[in-house]
Amino acid sequence: MRQKAKVENNDAPAGGWGSLKAVASILTQEEVAILGSEILLKQNKPDGFMCVSCSWAKPAKPRPFEFCENGAKATAWEITSKTATPEFFAQHTLTELRTWSDHQLEEQGRLTTPMRYDLASDKYLAVDWDEAFADIGAELNRLDPRSVVMYTSGRASLETSYMYQLFGRMYGTNNFPDSSNMCHETTSVALPEVIGVPVGTVLLEDFEITDCIFFFGHNTTTNAPRMLHPLQEAAQRGVPIITFNPLRERGLERFVNPQNPVQMVAGGTRISSQYYQVRVGGDAAAIVGICKWVIEADDLARENETARVVDVEFIRQHTAGFEEFAEFCRAQDWEEIERASGLSRGALREAANTYMEAKAVIANYGMGITQHKHGVETNKMIVNLLLLRGNIGKPGAGISPIRGHSNVQGQRTVGISEKTKLVPLDKLAELYGFEPPRWEGLSTVDACEGILKGDVRGFVSLGGNFLRAVPERSLMEPAWSGLRLSVQIATKLNRTHLVPGEVTYLLPCLGRIEIDRQASGAQSVSMEDSTTCIHGSRGQRKPVADHLLSEPAIVAALAKATLKPNPKIDWDAWVADYSRVRDAIERTYPDQFKDFNARMFEPGGFARPLAARERKWKTPNGKANFTVPKSAFAPPRETDGVYELMTLRADGQFNTTIYAEGDRFRGIEGGRYVVFMNPADMEEDGVKAGDTVTLVTEAGDGVTRSLSELQIVPYGIPRRSIAAYYPECNVLIPLWHQAEGSKVPAAKSIPVRLFKDVLPEIVEGGEAPISAS
């Protein structure tokens, strides 16, 4: 039996005393109180290191403390003095460790020594670096490169990512899924079709001059807390902030800046001026309603020969498809819009009126948009809304996807992609004298399917916790054992490391915050934030162990052990001086990385050129395109007893990393196996607060997916919608339940049934309770 979580009401705003207490607690927990306090002063500074957590933009003029609560947790987690040494692994079998929680595993500390799994003892045993590289290279050369997946976590730098994809393509594979396949691949599919770029168009300075901000499906409090600073400044200027989200999230309601003594006493700033709890999956319908009000207001203005509401000149000169989209909106029925969105026409009119009064509007969105079956179409609907009044390609306006991990966007920029059309293969062939493979590689979902079928035989992971992050875990973990080769490059122990293949290596690497000293001296690395700005980063602390290798050094060693010598590339020279890697990146992408080495420490970073910011549309028709949604507007099915489950993250985590077993803002302490439920639904289904239930996916494909012993917590969430934590609930997601067009797992709308009793025949196919160590 799982220990029940303690549930308390917490009305405190984001930031404030709670944030200061949480930072002090994590520094103490990781035994780095003094060292951590010093290093935090260098976080997100031009002469310091870039946060290993979120990818939110870094200001040119940083605050004295340019870090947030989650960023401080990520820093403390990496620079911890705790270590998982060979002695630790000698004491524990993998069978035992699989009973530990995610938090307990990573809390053991930093990995210090390369390890190889030994089947006879069911333990990891220490191995020499050279022996490990030689064996891995030999194994890779026995495998068909098409059967090998080279996965990348969002943590890896631009330098490492470039080297990694080059090594892989020289080896002969295009299988480069990365963590963006599970979050913002929807963005990368939708935006090129409608505005010609795969990323957002907003810079940090646009928040200083905007006069209206929209939010769709994003919890800034836990996923990008430093964004609360520009939002607070905008709110204090009177800028309306309009939020659409199924749950009321604390950071989008009220924020107290812990760096401001006056606010710490006075209580902070209200952030959202309008907050709408949209039905799970109802964002597209809400946007249709807003657009309908705008177009009808414009129709009336045209009839009365008054000033037009839409930006007629922008639409005429820069867009295509306006009339078709306008006709679609006019034809929609308000009752259907209200049913699909869960919002009244009056609420949508209020949002539309605010939008029509603004001259420059920013639209932000997160995985509450991208992780839906109709995420691509909903993403395009946000663009439709912005195009109506010319809110792309002008100061203070634009579309702003809020990316997750710190360099997940930048990895795509330098070639980590399974889609060959996005990689300059001809340029790589010219520079390095080899013929890159031209076939389309595997995305994350494709890789999972390949593992289940037995087609994928080798998996090399540059960071990440793949098995914990992907759907279909009850099938994926047993299938993983069928891999011939599993190589995990990591800083800490996680769940994926405990499921071995036939040949399994665990290779510990330096963290970004550690000093990376090579032949030419201490090295720096770079990354791209979610506004396409490039930042340099310098390590600050002595490495936690003497024999750790950097990620570039590990990639180079694997390349040398696997590939035949190539006179056009000197891996050792690249490792000796990372500036040579940046020179290579500039030669490959001359327009994007002009004067890379000279500019990488510019305050605020240097922005990559982006055509859509200049109203140049690199689409097939050379226009920004309005699109008519085919199915995103349809309301979710209403089947008796079926709920729409959305997964979410807690205050005490970042992605699959669990810093603490609780969620301060939602009042949860000491546990994560809870399900948030509308009190009216609880009464209707006969369950009470504290009851434990089992969730079973409504799939109809013959596979039982279930999660048991979830504790009911009453919460303000729309009817027939429930919420529970990621990654625990990934076991409920079918691999085929994904965003159409992008293959992003649809983790924000999983159809499930709720059972009050734990039935053995139901639980058999799901995840057993995790016991404490």
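For the structure, see preceding data.
Residues numbered from 1 in each chain as written. Predicted model: local features only at pLDDT ≥ 70, side-chain atom pairs only at ≥ 80, totals over all residues. Heavy atoms only, no water.

1. Looking at the state of the cysteines
Then, in step 1: By the definition in use, this model includes zero disulfides.
Then, in step 2: Cysteine C212 remains unbridged, with the sulfur of C291 as its closest cysteine sulfur at 13 Å.
Then, in step 3: Relative accessible area serves as the criterion here: at 0%, C212 is assigned to the buried category.
Then, in step 4: Lacking any disulfide linkage, C533 is separated from the closest cysteine sulfur, that of C54, by 14 Å. (Disulfide = S-S within 2.5 Å. Buried < 20%, exposed > 50% of the residue type's maximum accessible area, 1.4 Å probe, protein only.)

2. A closer look at the packing of aromatic side chains
Then, in step 1: Counting across every chain of the model gives 30 aromatic pairs.
Then, in step 2: Ring centres of F244 and Y276 lie 5.1 Å apart, and the angle between their planes is 35°; this geometry places the pair in the tilted category. Of this pair, F244 sits in strand β9 (residues 241-244) while Y276 sits in strand β12 (residues 274-276), and the two are 32 residues apart along the sequence. Both residues of the pair, F244 and Y276, count as buried.
Then, in step 3: Between F322 and F626 the ring centres are 5.5 Å apart and the planes differ by 65°, which places this aromatic pair in the edge-to-face class. Within this pair, whereas F322 is found in helix α16 (residues 322-331), its partner F626 is found in the loop between β24 (624-625) and β25 (642-648), the two being separated by 304 residues in sequence.
Then, in step 4: Here F322 falls in the buried class, since its relative accessible area comes to 10%.
Then, in step 5: Residue F626 is classed as buried on the basis of its relative accessible area of 6%.
Then, in step 6: The rings of F88, F89, W100, Y117 and Y124 are connected pair by pair, giving a single aromatic cluster.
Then, in step 7: The ring of W77 is capped by K492, whose NZ or CZ atom sits 3.7 Å from the centre of that ring. (Phe/Tyr/Trp six-rings, centres within 6.5 Å; stacked < 30°, edge-to-face > 60°. Helix = DSSP H or I, 4+ residues; strand = E, 2+ residues; numbered from the N terminus. Lys NZ or Arg CZ within 6 Å of the ring centre and 35° of its normal.)

3. Looking at the nonpolar core
Then, in step 1: One finds F214, F244 and L388 to be the most contacted residues of the largest nonpolar core, which totals 59 residues.
Then, in step 2: With 10 residues, helix α14 (residues 283-304) is the largest single contributor of residues to this core.
Then, in step 3: Ignoring sequence-local partners within four residues, the contact set of F244 consists of F214, F215, F216, G217, Y276, V278, D283, A286, I290, L343, L348 and A351. (Core = buried A, V, L, I, M, F, W, Y, C linked by side-chain atoms within 4.5 Å. Contact = heavy atoms within 4.5 Å.)

4. Focus on the sheet that holds strand β33 (residues 721-725)
What links the strands of a sheet is backbone hydrogen bonding, and the strands pair in either a parallel or an antiparallel sense.
Then, in step 1: Strands sit in the order β25-β33-β30-β32-β31-β34 around a closed barrel of six strands; the barrel is mixed. The sheet shows a mean angle of 45° between the axes of neighbouring strands, taken without regard to direction.
Then, in step 2: Across four bridges, strand β30 (residues 674-677) lies against strand β32 (residues 706-714) in parallel orientation. Each residue of the ladder has a partner; that of F676, found in β32, is V713. (Pairing = 2+ DSSP bridges. Axes fitted to C-alpha atoms, helices over the stretch in contact; angles between N-to-C directions.)

5. Remarks on the sheet that holds strand β16 (residues 458-462)
Then, in step 1: Pairing is mixed in the open sheet, where six strands are placed in the order β6-β5-β18-β17-β16-β7. Each having just a single partner strand, β6 (123-126) and β7 (148-152) make up the two edges of the open sheet. For this sheet, the mean angle separating the axes of adjacent strands, direction not counted, is 20°.
Then, in step 2: Pairing of strand β17 (residues 485-490) with strand β18 (residues 503-508), which is carried by six bridges, proceeds in the parallel orientation.

6. Describing the packing of helix α22 (residues 425-432) against helix α28 (residues 578-588)
Then, in step 1: The N-to-C vectors of α22 and α28 enclose an angle of 130°; their axes lie 10 Å apart at closest approach. When the axis of α22 is compared with that of α28, the two are oblique. Taken together, the residues of α28 that come into contact with α22 (itself represented by K427, L428, L431 and Y432) are A584, R587 and T588.
Then, in step 2: Grouping the constituent residues of the contact of α22 with α28 by class yields four nonpolar, one polar and two charged. (Parallel < 35°, antiparallel > 145°, perpendicular 65-115°, else oblique. Nonpolar A, V, L, I, M, F, W, Y, C, P; charged D, E, K, R; others polar.)

7. Describing the environment of V148
Then, in step 1: Tracing the sequence through the fold places V148 in strand β7.
Then, in step 2: Along the chain, V148 and K594 lie 446 residues apart, while their C-alpha atoms are 33 Å from each other.
Then, in step 3: With residues near it in sequence (within four places) discarded, V148 still touches L140, L143, Y171, T173, N175 and G458.

8. Some details on the pairing of strand β8 (residues 212-216)
Then, in step 1: Among the five residues in β8, five count as buried, and that is most of the element.
Then, in step 2: The two faces of β8 match: C212, F214 and F216 on one face and I213 and F215 on the other face are all buried.
Then, in step 3: Where β8 and strand β14 (residues 361-365) come together, five bridges link them in parallel fashion. Within β14, the residue paired with F215 across the bridge is N364.
Then, in step 4: Inspection of the sheet shows β8 paired to β9 by four bridges, in the parallel sense. Bridging across to β9, I213 finds its partner in I241.

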